[in-house]
Structure formats: C-alpha cells, structure tokens
Amino acid sequence: MSTASLDLNNIQGDILVGIPKKTQTYFFFEIQGDPSLFRKALVDIVPLIKNASQAQKDRDAIKEHKHKGDGTLLHMTGTQIAFSHAGLEKVCNTDPSADPFIEGQFKDAKNIGDAGTDSGTKFVPAWDPAFGDANIDGVIFVGGDSHQSVNHELQKIKLILGPSVKEAIHIRGDTRPGKESGHEHFGFLDGISNPTITGFNDKNAPPGPKAVNASVLLTGQDSKSSPVFVDGSFLAFRYLFQLVPEFNQFLKENPIKGDSELLGARMVGRWKSGAPIDLTPTHDNPELGKDPKRNNNFFYSGELKKGDQTRCPYSAHTRKTNPRADFTEHDREDALNERRIMRRGIQFGPEVTEEEAKHHRSLHGRGLLFVCYQSDLTKGFQFIQQSWANAPDFLDLAVDSNLKKIEPGLDSIIGQNADQARGVVGTDPAKPDGSISIPRFIVPRGGEYFFSPSISALRDVIALGVNIG
Ligand code: HEM
C-alpha cells in the first residue's frame, strides 16, 4: 500500500502526529467480568479518541495561538487507547502472532536487561509491585494543557466505562517547568529526532535522516492483513526512573579536560541545548540546538578518519539508538529504517530539591514515561534496547590508533546490564579506547507492551465483538 493513501481519520493521533501535551495521565485498566460490558462502553468511548487528522488540527491551532504571544495555552485534550495482549484476547478473538507482545513486558524484562531476581526457572524484575501484580488489559491516556482539562476528560471516560473496568495503575506525567520544558530530567532537550514518513510529512521536513515508510510504524499496511491490525501500531511503555542528583554528581566528578558538560554531551550525543556533538564537538551552541533546520542534519560522517570517535563516541545514546550513516556502511540502509521508532514520552516527578542536590541523592521519584510506536517490537524497541543499547559490541566500527577494533561498550544513558556497572568506551576524545564504568542512572520500574488499534478496528471490530481470526 502506498503511504500517499494514509487514512489520517483512522489512525490514532499519537502515532504519527503526537497528542499535544503539557500533562498526560495514564489510566491502566483491567476489564471486569463479561467483556461485552466493556465493548458496549467502548462504542461511546471511540468518538472521544483523537485521530491523526484531529491531532494535526490541534497542533496547527496551537501554532496559530502562539503567534498571538499572550502566553496563554489553548484548552485542549487528546485521548488514546491501547490494549495489552491479555486485554486484546478478552475483547477480540484474533491472533497478532507478535512476540514479545504476546508474552508481555514482565516476561521480556530479563531480555531487555532489567535488574531482578532469578531463581533459574523464574525471573522477577525489580519493578514497582503495581506493575508486577496488576493485570493490565489496556491503557487509556489523556494528554492536554492542564490537570484540570485532563482530569475532566478522564472523569467523563471513567463514567462511561463504569464497572466494566477496574483501575490497575494510575500515573501522571508532566513536562518540566519554565525553560526546562521540552527537556528531560537530566537537562537535555528531547523529542528532536523522530522519523518523518514518506507521503505524509516528508515534503516539508527539515533536513535529517531519510524518511521511513509508514509500514515501519503502522501495522496492517498490506491487503492480507486482518482488519484489527490495519492502521494500528505497537506501543512500548516503560516506567523509567532517572537518578538525577547522582547523574549530576557523576558528571561533576568526571569532567573531560575540566568540562563536566562535555562528558554529559558525549554520553547523550547532544548538548543540553539539543545541539548535536557531531556538528559542534567541543562546545554547546544553543542557536544550533533550537534550529530545526540544522539540529537533526548530521550523519556521524565528519570524523577525520574512519572508525574515529573524536567528535562523538559510538556509545553515545543517540549514536547507539540511531547510528545513521554508520549503519549504512555496516548494513543495508533500509535495515536501519526498519529500526526507527516514534517516541512520545513525557516526564514525571518533581524538580530536584535543594536537599537532593546537596546530598547527591534522589529522595523523590522522577524520570520518563517512555512511549514509542513501531509496527514490530522485535525490530523497534526490543531490538534497540537489547541488541544495540545493551550490547557492548554494537557498533563495531571504532578503531584505536593502531586501527585495532574497539568495542564501544553500552549505551551511556540507557544501556542496561541488570544492576551491574556499565562499561562505556570513548567518552574522552583524547583516549578513544579508554573505558569507564558508568553507574546505572536509569532504573526501569515497570512497563508493558500494547497495541493501539485504528478507529475503525475499535468501532467496527472490537466494540462489536466481531470474530476475526
Ligand atoms: C530515561 C530514559 C531516556 C532518556 C533520558 C533519553 C534521552 C534522550 C535524549 C536527550 C535524546 C536526544 C534528543 C532527540 O534526538 O530527540 C534521545 C534520543 C533518542 N532516544 Fe532516548 N532517552 C531515554 C530512553 C530511551 C529508550 C528506552 C530508547 C529506546 C530503547 C530511546 C531511544 C532514543 C532514540 C531512537 C533517539 C533518537 C536518536 C536519533 O535519531 O538521533 N531512548 N533520548
């Protein structure tokens, strides 16, 4: 199917466009009793689910409103829904044949490097008990301009759902305040590099990585697909705590040539402003960081010699999770495009307090409610976490001064090695094969894999209980 025929009225708004949000509440639910009660409620919920064309209109309205410059926010909300495998089985008799969706993230936690206890026959990840104990059938998440707007919308939805569901877990995310808005909790501008889509937004896209086919993000893009999977997407949710005072202290204690900010930038691949170190390797450049025409236009191809990591270490988070031109050399270009994911997370938790900063210790939970979409979890999230971020030998292009191969080590930011220290290579440009041990600053405490069906699948198949194999 050509992407020019994308049906934006049918695709949930968060996948290709993104629900605009200053705050977002995730209501994880368990379906109670006879699922037909839930299906009946779903008939009235479906018209409240924001599709891609409505989400785009919201974004356009925000842009126009910003021009007025009065500093106010437009009141708006956007609701989305997704099902775990357990939930999908209850409401719809169809087999997605999609690992690890079927197994669920609890069972996948060991594969993706989470810490936990292993009895040999059973692995129990060290997650918040809520995520281990809860039976999560689905999640309804509402994003919007304020807690008031979001709470109001969620109340309306809960009223419709009535006793057909029980709350399993409830988590709220908020963007950070003031100038930190758009920055994740370590302080780095986020949400810069997401894939553009051929036939949808590639025409006016700022320069950067090649556009991907919609089928990288959307399921059911061929004619053989079951109607449940047409225009849907798999959603990986991760409850990721960030040890911010500890991270800050680590940077302070391990500066590169006296520069702690440089170490942070070489761990992420970008400066806090968003400026890529491949373009500005020695100092931040906030003008570049905020310029969408320049801040994603790099390919890790500027090193003086092949395999060098003077400008950007191979272990930097952005280089590990999207190796750009490195990979084209290493494999087919479309092999890289298959691995692109659409990230739509939001921060949670308070700002670092004076006390936490003073003692370099987290006393409050904060981090990222990580969400990403892909048509295949084994090519997207699971693969990136397991086979790139956690794999010390990916990508084996780096060489030392004698042209001997160097393993890059783990992704400096998200690489997981249970709760063991993480070996990372190349953070100091003067010592390309120098390895340091970086404590774990991101602690996974839960998550699940979901499927976000299209509007028509929700309305015409799931809500009606149509049996489709
Ligand atoms: C708390 C955890 C995380 C933090 C603090 C974090 C932070 C960041 C930052 C600051 C950027 C650069 C901004 C941008 O290019 O948009 C980024 C990019 C990215 N992150 Fe993460 N991230 C986290 C978790 C993850 C996870 C779990 C994955 C996937 C397994 C991931 C995949 C990516 C990808 C694919 C990019 C874009 C790379 C590129 O295209 O250049 N991140 N992240």
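Every value quoted in this text rests on a predicted model; they were computed, and no experiment measured them. (Residues numbered from 1 in each chain as written. Predicted model: local features only at pLDDT ≥ 70, side-chain atom pairs only at ≥ 80, totals over all residues. Heavy atoms only, no water.)

Asks: So what's going on with the UniProt feature "domain: DyP dimeric alpha+beta barrel" (unreviewed entry) in the chain? Which residues, and what values?
Replies: Within this structure's numbering, the places UniProt gives as "domain: DyP dimeric alpha+beta barrel" (unreviewed entry) are residues 10-177. Across residues 10-177 one finds 38% helix and 23% strand; the C-alpha atoms that close the span lie 34 Å apart. (UniProt positions renumbered as here; feature names shortened; annotations may be inferred. Helix = DSSP H or I, 4+ residues; strand = E, 2+ residues; numbered from the N terminus.)

Asks: Explain the site of the ligand to me, and be specific about the residues and the numbers.
Replies: The environment of the ligand is made up of 24 residues, and the closest members are Ile192, Ser193, His317, Arg324 and Arg343. Between the ligand and the protein, one listed contact pairs an oxygen atom with a backbone N or O atom of Gly191 at 3.2 Å. Between the ligand and the protein, one listed contact pairs an oxygen atom with a side-chain N or O atom of Arg324 at 2.7 Å. Among the secondary structure elements, those contributing two or more residues to the shell around the ligand are strand 7 (233-242), helix 11 (317-321), strand 10 (367-374) and helix 15 (381-389). (Near = heavy atom within 4 Å. Polar contact = N/O pair within 3.5 Å; in protein donor to acceptor, adjacent residues only side chain to side chain.)

Asks: Which residues make up helix 8 (residues 244-253), and what are the values?
Replies: The buried fraction of helix 8 amounts to 7 of the 10 residues, a majority that puts the element mostly inside the structure. Val244, Pro245, Glu246, Phe247, Gln249, Phe250 and Leu251 are the residues of helix 8 that are buried. Looking at the buried positions of helix 8, the neighbouring elements they touch are strand 7, helix 9 (260-268), helix 14 (354-359) and strand 12 (435-438). (Buried < 20%, exposed > 50% of the residue type's maximum accessible area, 1.4 Å probe, protein only. Contact = heavy atoms within 4.5 Å.)

Asks: Which residues make up unusual backbone geometry, and what are the values?
Replies: Trans is the prevailing form of peptide bonds, just as negative phi is the prevailing case for residues other than glycine. The omega torsion across Phe394 and Leu395 is 0°, close enough to zero to call that bond cis. Locating Leu395 in the fold gives a position in the loop between helix 15 and strand 11 (422-425). The backbone phi angle of His360 is positive, close to 55°, even though this residue is not glycine. Given a relative accessible area of 31%, His360 falls into the partly exposed group.

Asks: Explain the packing of helix 2 (residues 35-45) against helix 7 (residues 147-161) residue by residue, including any values.
Replies: At a closest axis distance of 8 Å, the pairing of helix 2 and helix 7 adopts a crossing angle of 145°. Across the interface between the two elements, Phe38, Ala41, Asp44 and Ile45 from helix 2 touch Ile157, Ile160 and Leu161 from helix 7. Looking at the contact of helix 2 with helix 7 residue by residue, the class counts come to 6 nonpolar, no polar and 1 charged. (Axes fitted to C-alpha atoms, helices over the stretch in contact; angles between N-to-C directions. Nonpolar A, V, L, I, M, F, W, Y, C, P; charged D, E, K, R; others polar.)

Asks: So what about the environment of Pro20? Which residues, and what values?
Replies: By secondary structure assignment, the location of Pro20 is in the loop between helix 1 (13-16) and strand 1 (23-31). It is 6.5 Å that separates the C-alpha atoms of Pro20 and Gly144, two residues lying 124 residues apart in sequence.

Asks: Could you give an account of the packing of helix 8 against helix 9, naming the residues involved and the relevant values?
Replies: Following both chains from N to C, one finds helix 8 and helix 9 inclined at 120°, their axes separated by 7 Å at the closest point. Judged by the sense of rotation from one axis to the other, the crossing of helix 8 with helix 9 is right-handed. In contact with Phe247, Phe250, Leu251 and Lys252 of helix 8, helix 9 contributes Ser260, Leu263, Gly264 and Met267. Its residues assigned to classes, the contact of helix 8 with helix 9 shows 5 nonpolar, 2 polar and 1 charged. (Left-handed = near helix turned anticlockwise from the far one by under 90°.)

Asks: Account for the packing of aromatic side chains, naming residues and giving values.
Replies: What the rule picks out here adds up to 27 aromatic pairs. Their ring planes at 15° and their centres at 4.0 Å tell us that Phe186 and Phe247 sit as a pair that is stacked. With Phe186 in the loop between strand 6 (165-174) and strand 7 and Phe247 in helix 8, this pair connects stretches of sequence that are 61 residues apart. Across the pair, exposure class does not vary: Phe186 and Phe247 are buried alike. Cluster of aromatic residues (ring-pair linked, three or more members): Tyr26, Phe28, Phe131, Phe141, Phe237, Tyr239, Phe241, Phe348 and Phe450. In this structure, Arg319 is placed above the aromatic ring of Tyr314, and the distance from its NZ or CZ to the ring centre is 3.9 Å. One residue, Arg324, lies across the ring of Phe298, its end atom 3.8 Å from the ring centre. (Phe/Tyr/Trp six-rings, centres within 6.5 Å; stacked < 30°, edge-to-face > 60°. Lys NZ or Arg CZ within 6 Å of the ring centre and 35° of its normal.)

Asks: Run through the nonpolar core, naming residues and quoting values.
Replies: Within the largest apolar cluster, 82 residues are counted, with the highest numbers of intra-cluster contacts made by Phe29, Phe38, Leu42, Ile81, Phe83 and Leu161. When residues in this core are grouped by element, the largest group, 5 residues, is from helix 9. With 38 residues, the next largest nonpolar core counts Ile15, Ile19, Phe123 and Leu217 among its residues. (Core = buried A, V, L, I, M, F, W, Y, C linked by side-chain atoms within 4.5 Å.)

Asks: Report on the side chain of Gln416, specifying residues and quantitative values.
Replies: Locating Gln416 in the fold gives a position in the loop between helix 15 and strand 11. Classification of Gln416 by relative accessible area gives buried; the value is 5%. Among the polar contacts listed, one links the side chain of Gln416 to the backbone oxygen of Ile442, at a separation of 2.9 Å. Filtering out sequence-adjacent residues up to four positions away, Gln416 remains in contact with Ile112, Gly113, Gln385, Asn390, Leu410, Arg440, Ile442 and Pro444.

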